[in-house]
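Structural overview
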Amino acid sequence: CVYKLGLTSNPVLRFDFYKDANYTHMSLLHVSPNLGLCQMLEAALIASNMSERECRNQRTGGEGPPSSEEEPFHFVYVVGARADQLKRIR
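The following refers to the structure shown.

1. Considering helix α2 (residues 35–49)
Since the α-helix packs 3.6 residues into each turn, any two residues three or four apart lie on the same face. Taking 1.5 Å as the rise per residue, α2 with 15 residues should run 21 Å; its terminal C-alpha atoms sit 21 Å apart, in good agreement. Within the sequence span of α2, burial applies to Leu35, Cys38, Gln39, Glu42, Ile46 and Asn49. Take α2 and look down its axis: the buried residues cluster within an arc of 110°, on one side only. Turned more than 90 degrees away from the buried face of α2 sit Met40, Ala47 and Ser48, all of them exposed. At the N-terminal end of α2, a side-chain oxygen is found 3.1 Å from the backbone nitrogen of Gly36, two or three residues along, and the residue is Asn34.

Next comes the structure, spelled out in structure tokens:
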């Protein structure tokens, strides 16, 4: 399995993006109206996992798009895919 950790204000729309990249599942790890808390959690999770071979995150996280500040809820998630599938995982 390979995985990416992230932050979004719309998990359904975000997972559609990942499905296009051949990820097969998404799990929501945390939801909160507090954007700053979610940004810190995302950055901490990425920092803890970035050295793992299976982790596909390339940036440290914690930034999020400026437009997400207006959203009522924020979600920290992990998406995964089988590393042995024939489709390329982006």
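After that view of the structure, there is still more to cover.
2. As for the state of the cysteines
Going through the model one piece at a time under the given rule, you end up with zero disulfides. Left unpaired, Cys38 is separated from the closest cysteine sulfur, that of Cys55, by 18 Å. On the accessibility criterion, Cys38 (0% relative accessible area) is buried. Looking at the unpaired Cys55, the closest cysteine sulfur is the one in Cys1, lying at 11 Å. Residue classification places Cys55 among the buried positions, given a relative accessible area of 8%.

3. What about the pairing of strand β3 (residues 74–81)?
Regular strands show a simple pattern: their side chains alternate between the two faces of the sheet. Most of β3 is tucked away: eight of the eight residues are buried. What you see with β3 is no split at all: His74, Val76, Val78 and Gly80 on one side and Phe75, Tyr77, Val79 and Ala81 on the other are buried throughout. Alignment of strand β1 (residues 2–8) against β3, held across seven bridges, turns out to be antiparallel. Paired with Thr8 across the two strands is Phe75, which belongs to β3. Here strand β2 (residues 25–32) runs beside β3; their pairing, made up of seven bridges, is antiparallel. In the strand pairing of β3, Ser32 is matched with His74.

Conventions we followed
- Residues numbered from 1 in each chain as written.
- Predicted model: local features only at pLDDT ≥ 70, side-chain atom pairs only at ≥ 80, totals over all residues.
- Heavy atoms only, no water.
- Helix = DSSP H or I, 4+ residues; strand = E, 2+ residues; numbered from the N terminus.
- Expected span 1.5 Å × (residues − 1).
- Buried < 20%, exposed > 50% of the residue type's maximum accessible area, 1.4 Å probe, protein only.
- Arc of directions from axis to C-beta.
- Polar contact = N/O pair within 3.5 Å; in protein donor to acceptor, adjacent residues only side chain to side chain.
- Disulfide = S-S within 2.5 Å.
- Pairing = 2+ DSSP bridges.

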